[in-house]
Amino acid sequence: TGRGVLCNKPYSGTEVIKVYGDEHVKTGDLIVYTSADSVFQIAAHEETVPLEELYRICRVAREMLAGEHAVGRVIARPFKTDETGNFVRTANRHDFSLVPPGLTLPEYLSSRGKKVVGVGKIQDIFASRGIAESHRTESNAEGVEKTISLLQEKWEGLLFVNLVDFDSKFGHRNDAAGYARALSELD
């Protein structure tokens with residue numbers, strides 16, 4: 001990629017940018033880390049590494065991390081500096097998934113003339129296979145709003161929804177109380 005690497009070990013995604021963010025901004029070296037599941041994450045400040053470059057780097061990593069010891073996803077984790085001077089992740093995350101090894105439900109339905117629409121990160125999860133239309137969302141509220149809007153349209157197929165806050169804000173943080181509040185809000 002032409003860039004160095006910082007961290008290169010298991011780390012919390014929010015903590016890794018606090019610890020390595022300043023050095024990354026100074027050097028342009030990529031913050032590389034993993035979490036408990038089968039992922040390889042690359043964090044970069046959007047002003048230090050433009051989004052398209054970060055995505056290109058992740059595509060290179062995706063090609064490398066295949067085969068016998070493949071990882072499930074390579075994740076681009078862009079961040080920025082907020083108004084208080086802290087580093088915060090942006091909504092420009094993008095997952096580069098392994099291509100599913102067999103026929104997926106979205107592909108099966110698509111092959112039978114059914115439209116498959118994804119809300120949230122569904123397209124990333126299935127490496128775009130079988131997804132006719134995708135709507136990225138930044139929150140559960142936006143995902144619910146988009147889902148309701150799509151349900152009012154006339155079409156036949158599968159509406160596959162991922163409400164992103166359950167995973168990113170509460171599940172990965174082991175925040176049972178936050179998860180419960182989000183469930184109540186959804187209900």
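Each remark here, short or long, concerns the structure printed above.
Residues numbered from 1 in each chain as written. Predicted model: local features only at pLDDT ≥ 70, side-chain atom pairs only at ≥ 80, totals over all residues. Heavy atoms only, no water.

### Concerning the side chain of Thr 90
Examined against the element boundaries, Thr 90 turns out to sit in the loop between β5 (87-89) and β6 (94-97). Take Thr 90: its relative accessible area is 16%, and that puts it in the buried class. Within the local environment of Thr 90, its side chain forms a polar contact with the side chain of Glu 46, the two groups lying 2.6 Å apart. (Helix = DSSP H or I, 4+ residues; strand = E, 2+ residues; numbered from the N terminus. Buried < 20%, exposed > 50% of the residue type's maximum accessible area, 1.4 Å probe, protein only. Polar contact = N/O pair within 3.5 Å; in protein donor to acceptor, adjacent residues only side chain to side chain.)

### Quick notes on unusual backbone geometry
In terms of backbone geometry, most residues other than glycine have negative phi values and most peptide bonds are trans. One non-glycine residue, Cys 7, lies in the positive phi region at around 75°. Tracing the backbone shows Cys 7 in strand β1 (residues 5-10). Residue Cys 7 is classed as buried on the basis of its relative accessible area, which comes to 16%. Look at Ser 128: it is not a glycine, yet its phi comes out positive at around 70°.

### Topic: the packing of helix α6 (residues 164-171) against helix α7 (residues 176-186)
Their axes nearest at 9 Å, the elements α6 and α7 cross at an angle of 160°. Of the possible angle classes, the one that applies to α6 and α7 is roughly antiparallel. Crossing hand, α6 versus α7: right-handed. Across from Phe 166, Phe 170 and Gly 171 in α6, the residues of α7 making contact are Gly 178, Tyr 179, Ala 182, Leu 183 and Leu 186. Each residue belonging to the contact of α6 with α7 can be placed in one class, and the counts come to six nonpolar, two polar and no charged. (Axes fitted to C-alpha atoms, helices over the stretch in contact; angles between N-to-C directions. Parallel < 35°, antiparallel > 145°, perpendicular 65-115°, else oblique. Left-handed = near helix turned anticlockwise from the far one by under 90°. Contact = heavy atoms within 4.5 Å. Nonpolar A, V, L, I, M, F, W, Y, C, P; charged D, E, K, R; others polar.)

### Regarding the sheet that holds strand β9 (residues 157-161)
Read across the sheet, three strands follow the order β8-β7-β9 without closing on themselves; strand pairing throughout is parallel. Sheet topology places β8 (133-135) and β9 at the edges, where each strand pairs with a single neighbour. Taking each pair of neighbouring strands and ignoring which way they run, the sheet shows an average axis angle of 15°. In the sheet, strand β7 (residues 115-119) pairs with β9 via five bridges, with the strands oriented parallel. The residue bridging Val 119 from the neighbouring strand is Val 161, located in β9. Across the sheet, helix α5 (residues 140-151) lies against β7, β8 and β9, angled at about 155° from β7, the strand it touches most. (Pairing = 2+ DSSP bridges.)

### Concerning the pattern of salt bridges
Under the criterion given, the structure shown has ten salt bridges. Across the salt bridge formed by Arg 93 and Asp 95, the nearest N and O atoms sit 2.7 Å from each other. Assessed through its relative accessible area of 3%, Asp 95 is described here as buried. (Salt bridge = Lys/Arg side-chain N within 4 Å of Asp/Glu carboxyl O.)

### Brief notes about the environment of Ala 61
Along the chain, Ala 61 turns up in helix α2 (residues 51-64). On the basis of relative accessibility, which here comes to 8%, the residue Ala 61 falls in the buried class. If sequence neighbours within four positions are ignored, Ala 61 has contacts with Phe 40, Ile 42 and Val 74.

### Some details on α5
With twelve residues, α5 should reach 16 Å at 1.5 Å per residue; the first-to-last C-alpha distance of 16 Å fits that figure. Turning to α5, its buried residues are Asn 140, Gly 143, Thr 147 and Leu 150. Each buried residue of α5 lies within a common arc of 90° when the element is viewed along its axis, so the set occupies one face. The outward face of α5, more than 90 degrees from its buried face, is lined by the exposed residues Ala 141 and Glu 145. If you follow the buried residues of α5, they end up packed against β7, β8, β9, α6 and α7. (Expected span 1.5 Å × (residues − 1). Arc of directions from axis to C-beta.)

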